[in-house]
Amino acid sequence: MNERLHSVLAQRGVPPESLAEVCEVDPKTVGRWLGGRLPHPRHRFRVAQHLRVEESFLWPTPQPVMGKPGAGLDTKLVGTYPNRASVPRDTWISLLQQARDEIGVLVFSGTFFAQSNPHVAKMLAERAAAGVRVRLCFGDSNGQAVAIRGREEGIGGDTLAAKIRASLTYYRPLLSEAGCEVRLHDTTLYTSLFRYDDNLLANPHIWGQPASANPVLHLKRADATGWFDNYAQSFEDVWASARPWTLSQEGTTAHGQD
């Protein structure tokens, strides 16, 4: 437990919920900080600035720098797969069902995610009802990033855009579910991400190849800052710039893909 953070919050009269709002994170995340988890550097800076204390007072233990000996040892490499199809279907399902705090998906179309599990929307809704924060982020079918990616893969931007619209039809029921959010991003996507609490499946992209043909890394977070946190932060950054998906915006094109 981070006793110093507890103490400073009490002295300043700042409730954890208020700190979460300042840092633009979920209150559960602040709860984990209070429990001893090390925040991302940008969050450590913002917390220290808001509470008017030195960052080193709240988190006195020096942390390893990426690229130096020992860096990344906080992240356990559970397994590697030559391509996405090699990840056992049971792995996808068990990680989803076992999530207790958050589920995050960052893709362009992610067609396989629903096609390999026709009940995925229902299962996500059930996790949300159990208190899990569910966030799904797909490519914006009208955006420049999708057009460029489609051309790079040799399938054309219109084809990838159609795949995205078709994929979104699976998730319409989630738009009315509390705890579920679906957004559309227009960013260059270097890695598809599938996060389930402290487990993360990272699917790096190789230029000119579909994501499905590229390797998958199964990472598990231990403590401190490393590979897991860098991928997790990239999800947060893309999510922050993405726009909410609503049927009023996409409904006409989405229905055309049924």
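Summarised in this report is the structure supplied together with it. (Residues numbered from 1 in each chain as written. Predicted model: local features only at pLDDT ≥ 70, side-chain atom pairs only at ≥ 80, totals over all residues. Heavy atoms only, no water.)

## Focus: unusual backbone geometry
Keep this limit in mind: Only runs of H or I of at least four residues qualify as helices and only runs of E of at least two qualify as strands under DSSP, and these elements are numbered from the N terminus. With a 1.4 Å probe rolled over the protein chains alone, any residue whose accessible area is under 20% of its type maximum counts as buried; one over 50% counts as exposed, and the rest are partly exposed.
The backbone phi angle of glutamate 24 is positive, close to 60°, even though this residue is not glycine. In this structure, glutamate 24 sits in the loop between helix H2 (16–23) and helix H3 (27–34). With a relative accessible area of 65%, glutamate 24 lands in the exposed category. Of note, aspartate 197 is a non-glycine position whose phi angle comes to about 55°, a positive value. Judged by its relative accessible area of 15%, aspartate 197 is buried.

## Quick notes on empty space enclosed by the protein
Selection criterion: For each structure, a 1 Å grid was placed over the protein atoms alone; sets of points admitting a 1.4 Å probe that cannot get out are labelled cavities, open sets with protein on both sides within 12 Å along at least five of seven lines are labelled pockets, and lining residues have an atom within 4 Å of a point. Grid points are joined across faces, edges and corners, and a volume is the space filled by probe spheres set on the points. Residue type decides the class: Asp, Glu, Lys and Arg count as charged, Ala, Val, Leu, Ile, Met, Phe, Trp, Tyr, Cys and Pro as nonpolar, and the leftover types, Gly among them, as polar.
Summed over all chains, the structure comprises 2 cavities of 30 Å³ or more. Of the voids in this model, the largest cavity is the one considered here, and its volume is about 80 Å³. In terms of lining residues, the largest cavity is bounded by Arg89, Trp92, Ile93, Leu96, Phe113, Ser116, Asn117, Val120 and Tyr196. Among the elements that line the lining of the largest cavity, the one with the most residues is helix H6 (residues 89–98), at 4 residues. Looking at the lining of the largest cavity residue by residue, the classes come out as 6 nonpolar, 2 polar and 1 charged. Roughly 40 Å³ of volume is contained in the second largest cavity. For the second largest cavity, the full set of lining residues is Gly104, Leu193, Phe194, Arg195, Leu200, Tyr231, Ala232 and Phe235.

## Notes on the environment of glutamine 115
Take glutamine 115: it is sitting in helix H7 (residues 111–115). Judged by relative accessible area, which is 53%, glutamine 115 ranks as exposed. As a C-alpha pair, glutamine 115 and tyrosine 170 span 55 residues in sequence and 9.0 Å in three-dimensional space.

## Some points on the pattern of salt bridges
Selection criterion: By definition here, a salt bridge exists when the distance from a side-chain nitrogen of Lys or Arg to a carboxyl oxygen of Asp or Glu is within 4 Å.
Inspection of the entire model under this criterion finds 14 salt bridges. As a salt-bridge pair, glutamate 181 and arginine 183 come within 3.5 Å of each other at their nearest N and O atoms. A relative accessible area of 30% places glutamate 181 in the partly exposed class. Here the salt bridges do not stand alone but share partners, grouping Arg32, Asp101, Glu102, Arg135, Arg195 and Glu236 into one network.

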